[in-house]
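# Per-entry structural report
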Amino acid sequence: MLTNKIIGGDIIMKKFFTQPIGEFSRQNSMVFLVCNIVLIAINFGSFEVDALGRLLNFVWGFSLFGIVISGYYLAEDHVPDFWKAGSTVLASVIVVGTFIEIAMPEYQENGFGPMYFFWAFNQLIYGITLRGTGIFRPVYENLAILGSLIIFSGTTAGVFFDYTIPETYQPVGLVGWLALVVGVSLGTYFAWGDKLSSSTE
């Protein structure tokens, strides 16, 4: 019985990690969205969930890793080949940054700024480059660009000038974060859905 369960678990894991990149990305997009909703609820509720928070942080990083890795394949007809390597570098930064947040207490409350700066910077370039190509639906395309611009501006101030945004302006950061999360997650989800459906017609 135990052996059968182990074998069944292995099969499920194998199917998950070897599924087509489009389906893999769509699943990670939904996981990323849900993770952000839960993490925001935890932060606003001031819950003491250290172990759960670290687990959610890991899932957050892994799901964003999946979205970033798939980004090149979603846009490969519109970008040069070296973007594939760029996606790999960004995904690696996200994984390393996530583990830094998990392992180092000083980053668990406010996050590892350089990771968010690098992600927002790359997402801004990605969004502007692909804007108007029809890959992403306009509402999510514009949300991702707006969100990445706000997060990029805020993290630039912290990373390069050691400047902390006053609490008065922090709601702007929350708006930017929500715009970025919704734009990236749902934008990627529907973009892959459109691409997969058009390829089967």
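Here's what I pulled together on the structure shown here. (Residues numbered from 1 in each chain as written. Predicted model: local features only at pLDDT ≥ 70, side-chain atom pairs only at ≥ 80, totals over all residues. Heavy atoms only, no water.)

### A closer look at the side chain of T156
- Mapped onto the secondary structure, T156 falls in helix 6 (residues 138–161).
- By relative accessible area, which is 17% here, T156 ends up buried.
- Not counting residues within four places of it along the chain, the set of residues in contact with T156 comprises F117 and F161. (Helix = DSSP H or I, 4+ residues; strand = E, 2+ residues; numbered from the N terminus. Buried < 20%, exposed > 50% of the residue type's maximum accessible area, 1.4 Å probe, protein only. Contact = heavy atoms within 4.5 Å.)

### Overview of the pattern of salt bridges
- Considering all chains together, one arrives at one salt bridge under this definition.
- In this structure, D194 engages R137 in a salt bridge whose closest nitrogen and oxygen atoms are separated by 3.0 Å. Taken together, the positions of D194 in helix 7 (residues 170–199) and R137 in the loop between helix 5 (113–130) and helix 6 put the pair 57 residues apart, joining distant regions of the chain.
- Residue classification places D194 among the partly exposed positions, given a relative accessible area of 31%. (Salt bridge = Lys/Arg side-chain N within 4 Å of Asp/Glu carboxyl O.)

### Focus on a nonpolar patch on the surface
- A cluster of nonpolar side chains, namely V159, F160, F161, Y163, I165, Y169 and V172, defines an oily patch on the protein surface of about 720 Å² accessible area.
- Among the elements that line the nonpolar patch, the one with the most residues is helix 6, at three residues.
- Its place among the elements puts F160 in helix 6. (Patch = residues over 30% accessible without salt bridge, like charges linked within 9 Å, V, L, I, M, F, W, Y side chains within 5 Å. Areas by Shrake-Rupley, 256 points an atom, 1.4 Å probe, with all protein chains shown as cover.)

### Description of the environment of T164
- Inspection of the secondary structure assignment puts T164 in the loop between helix 6 and helix 7.
- The sequence separation of T164 and G154 amounts to 10 residues, and the corresponding C-alpha distance is 8.5 Å.

### Observations concerning unusual backbone geometry
- Despite not being glycine, D162 has its phi angle at roughly 50 degrees, a positive value.
- In this fold, D162 is placed in the loop between helix 6 and helix 7.
- Given the relative accessible area of 70%, D162 is considered exposed.

### Topic: the packing of helix 3 (residues 50–75) against helix 4 (residues 83–103)
- Taken N-terminus to C-terminus, the directions of helix 3 and helix 4 make an angle of 175 degrees; their axes are 8 Å apart at the nearest point. In this view, helix 3 runs roughly antiparallel relative to helix 4, as classed from their interaxial angle. Here helix 3 contributes R54, N57, F58, W60, G61, L64, F65, V68, I69, Y72 and Y73 to the contact with helix 4, which in turn contributes W83, K84, S87, T88, L90, A91, I94, V95, T98, F99, E101 and I102.
- Taken together, the residues of the contact of helix 3 with helix 4 break down into 15 nonpolar, five polar and three charged. (Axes fitted to C-alpha atoms, helices over the stretch in contact; angles between N-to-C directions. Parallel < 35°, antiparallel > 145°, perpendicular 65-115°, else oblique. Nonpolar A, V, L, I, M, F, W, Y, C, P; charged D, E, K, R; others polar.)

### Focus on the nonpolar core
- Counting 27 residues, the largest nonpolar core has F32, W60, L64, I94, W119 and W177 as its most contacted members.
- Every element with two or more residues in this core is listed here: helix 2 (21–45), helix 3, helix 4, helix 5, helix 6 and helix 7.
- At six residues, helix 2 tops the list of elements feeding residues into this core.
- Beyond its immediate sequence surroundings of up to four residues, W119 is in contact with F32, W60, L64, L90, I94, W177, L180 and V184.
- Counting residues in hydrophobic clusters, the runner-up holds 11 residues, among them V79, W83, Y126 and L130. (Core = buried A, V, L, I, M, F, W, Y, C linked by side-chain atoms within 4.5 Å.)

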